[in-house]
Amino acid sequence: MDLQDFGVLTKRSVSMGSSLDHVDKDVYYWEPKSLRIRTINWGYVFLAEYLPYTYGLAMATVGSLMISQLYVWSLEDFLRAWYLLREPLVMQVIGASALILAYLSGHKSSVYCLENLVFKPPDHWKVTRHDILKMLEAQNCFTETSMDFQRRILENSGTGESTHWPPGILDSRDGQTEATCDMAAAREEAKEVLFSLVRDLLRRTQVKPKQIDFLIINCSLFCPTPSLCALVCNEFGFRQDVRSYNLGGMGCSANVISVDLAKQLLENRPGSRALVLSMENITQNLYKGNDKSMLLQNTLFRCGGCGLLLSSRLLDSMKAKYKLLYTFRAHLSDDNSYNCVYQKQDERGNSGVALSKDIVKVAGRALRQNFVQLAPHVLPVREQAKVLCNHFWGKTVSVAKQRGWPLAEGLTVPEGYTPNFGKGIDHFCIHAGGRAVIEGVQKNLKLTDRQIRPSVQTLHDWGNTSSSSIWYETDWIERFGDLQRGERVLQISFGSGFKCNSAVWVALRVDRSKIGQPLEAFSPKEQEVCTSDSGVINEARKPSNEKSA
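Notes on the structure follow. Computed from a predicted structure; not experimentally measured. (Residues numbered from 1 in each chain as written. Predicted model: local features only at pLDDT ≥ 70, side-chain atom pairs only at ≥ 80, totals over all residues. Heavy atoms only, no water.)

## Thoughts on helix α16 (residues 469–480)
We count it as follows: Helix and strand labels come from DSSP, where a helix needs a run of H or I of at least four residues and a strand needs a run of E of at least two; each type is numbered from the N terminus. What a helix is expected to span follows from its residue count: subtract one and scale by 1.5 Å. Buried residues are those whose accessible area, probed at 1.4 Å on protein chains only, stays under 20% of the maximum for their type, while exposed residues exceed 50% and partly exposed ones sit between those limits.
For α16, built from twelve residues, the straight-helix expectation of 16 Å at 1.5 Å per residue is met to within 8% by its first-to-last C-alpha distance of 16 Å. Burial in α16 covers these residues: Ser 469, Ile 470, Trp 471, Tyr 472, Glu 473, Thr 474, Asp 475, Trp 476, Ile 477, Glu 478, Arg 479 and Phe 480. Where α16 ends, the next residue or the one after it, Asp 482, has phi of about 55 degrees, a positive value.

## Regarding the nonpolar core
Within soluble globular proteins, side chains that are nonpolar generally end up buried alongside one another. Under the convention used in this document: Nonpolar core, defined: a set of buried Ala, Val, Leu, Ile, Met, Phe, Trp, Tyr and Cys residues in which side-chain atoms within 4.5 Å join the residues together. By the convention used here, residues are in contact when the closest approach between their heavy atoms is within 4.5 Å.
Leu 215, Leu 277 and Leu 310 are the most contacted members of the largest nonpolar core, which has 122 residues in total. Here this core gets nine residues from one element, more than from any other, and that element is helix α7 (residues 183–205). Not counting residues up to four positions away in its chain, the partners in contact with Leu 277 are Leu 194, Leu 197, Val 198, Leu 201, Leu 215, Ile 216, Ile 217, Asn 218, Val 232, Cys 306 and Gly 307.

## Things to note about the pattern of salt bridges
The following threshold applies: Salt bridges are counted wherever a side-chain nitrogen of Lys or Arg sits within 4 Å of a carboxyl oxygen of Asp or Glu.
For the coordinates displayed, the defined rule picks out 23 salt bridges. When the shortest N-O distance is used, the salt bridge between Glu 161 and Arg 129 registers 3.8 Å. Pair noted here: Glu 161 is in the loop between α5 (144–155) and β6 (163–164) and Arg 129 is in helix α4 (residues 129–137), with a separation of 32 residues, a long-range link. Here Glu 161 falls in the partly exposed class, since its relative accessible area comes to 32%. On the basis of relative accessibility, which here comes to 22%, the residue Arg 129 falls in the partly exposed class. Residue Asp 213 is joined to Arg 239 by a salt bridge in which the shortest nitrogen-to-oxygen separation is 3.0 Å.

## Concerning the sheet that holds strand β16 (residues 499–507)
Quick reminder of the rule: Paired strands are those between which DSSP finds at least two bridges. Axis definition: a line fitted to C-alpha atoms, limited for helices to the stretch in contact. Angles are taken between N-to-C directions and run from 0 to 180 degrees.
Taken together, nine strands build an open sheet; the order of strands is β8-β7-β9-β10-β4-β11-β16-β15-β14 and the sheet is mixed. The open sheet has two edge strands, β8 (243–247) and β14 (427–430), and neither has a second partner. Pairwise comparison of adjacent strand axes, ignoring direction, gives a mean angle of 20 degrees for this sheet. Sheet analysis places strand β4 (residues 112–118) next to strand β10 (residues 305–311), joined by six bridges and oriented antiparallel. If you follow Tyr 112 over to β10, its bridge partner there is Ser 311. Contacts from helix α8 (residues 228–236) reach β7 (214–218), β8 and β9 (273–279) within the one sheet, and its direction differs from that of β7 by about 130 degrees. In this fold helix α12 (residues 359–378) packs onto β11 (322–331), β15 (488–495) and β16, with an angle of close to 140 degrees to the strand it touches most, β11.

Here you go:
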């Protein structure tokens with residue numbers, strides 16, 4: 001049927017009316033003009049549909065020409081080619097070429113990080129501990145016991161006096177007005193975080209929105225319709241064929257999950273770019289009940305976000321800051337792990353996230369499962385040999401004691417050997433989920449205070465910014481951690497489920513303008529362009545964070 005025939009189709013009656021322009025008296029009309037394809041992007045059609053066939057046709061043509069030449073060869077030509085192939089140098093060149101082609105055919109594209117930014121909230125979002133307690137009291141829903149509990153948790157949380165809360169909750173600063181926690185306020189928070197990150201990432205990298213192939217956004221507790229991906233695409237005018245992924249419910253480990261997803265997409269589509277954005281929405285997640293396990297979220301979580309521009313283009317590797325080496329994921333599926341971070345409603349219907357007392361133990365088990373995968377890839381051979389020898393000797397002593405071998409009673413089973421990950425990793429970024437989480441990882445991995453300092457400083461200056469916290473720590477390392485080209489950075493994150501995810505990056509380029517300088521030390525023009533900030537002042541300079549952030 002031709003498109004013009006739609007104009008003369010018989011009208012069909014329907015039972016319900018409509019106010020649309022093309023509906024008249026409960027009768028729908030076909031509009032042939034709306035069905036016409038006005039413009040066809042033939043360049044895109046060629047690249048998407050015909051380029052693979054063109055490549056195959058070209059290879060077939062070249063092969064046919066080479067075969068056709070064999071028909072005109074004489075016996076002397078064949079003998080000359082045979083003698084040439086018997087030359088050792090020629091055989092070595094052919095063998096080396098075959099090996100290189102075999103390697104390239106099975107080698108996946110490398111993934112590079114062109115730029116990484118963290119969100120620095122506006123100054124009027126800044127709150128002190130006193131401000132937080134005052135705003136909590138303004139909700140008129142907490143008992144005296146709950147307020148005392150939150151006060152104690154806040155004092156021992158490891159957070160400082162200049163973290164950030166969203167504008168909707170800041171309305172309660174006067175101690176009387178209740179917080180505005182509706183959908184509109186939550187969207188405004190998301191817009192401020194995401195738009196700032198995208199705008200500055202594109203400006204820094206000189207990449208246009210039309211050059212983004214994949215868009216991945218993770219936000220665990222705020223998943224509106226249209227999605228956050230649609231919000232960003234609508235604001236910046238991304239391509240209509242951009243592949244967007246909106247991840248929710250993944251907890252504080254979602255950034256590494258997003259990076260892992262981007263890695264798989266970029267590896268299977270060489271020459272493409274991916275924009276990864278991570279944030280957590282605080283506006284709608286202020287718990288207004290009195291369940292102690294759910295009150296922790298009010299004292300730990302703060303505003304924050306991060307943005308990454310990843311690429312699998314070979315040319316982009318020349319200006320990339322990092323190269324992604326590995327990503328590893330571990331997911332515990334037992335009931336205790338599943339329930340240790342659980343979003344629910346209390347007895348009075350107040351929604352919140354309950355944190356179990358076993359969360360540190362569960363995180364330790366998840367960490368061990370993750371590092372079983374990670375260790376062989378990052379540890380030197382000497383450390384791996386120590387682990388194997390310790391395991392072998394422990395098994396031998398155990399068997400000897402069970403079977404009653406001579407002199408077995410005098411032997412003791414050695415403690416498990418914890419390898420020194422500092423031999424294979426130069427910098428550690430542990431999710432700033434709280435003092436207990438950081439200290440638990442430090443104990444399990446036997447890290448020094450210096451190795452966990454980026455996490456401790458990030459928790460103090462920014463609080464728990466959920467999945468983006470590992471990039472606040474990476475930014476701190478870039479500024480004050482003496483990052484050098486070729487050094488490895490390990491990011492460790494934990495999330496509900498329960499999950500432990502890790503990513504290993506190697507530094508390819510160091511931004512010298514950041515070293516030893518907080519964001520506020522830049523000129524106003526640079527401050528407009530450079531929006532990433534760790535919010536931490538070099539200890540050697542000794543100024544307080546409140547004066548510099």
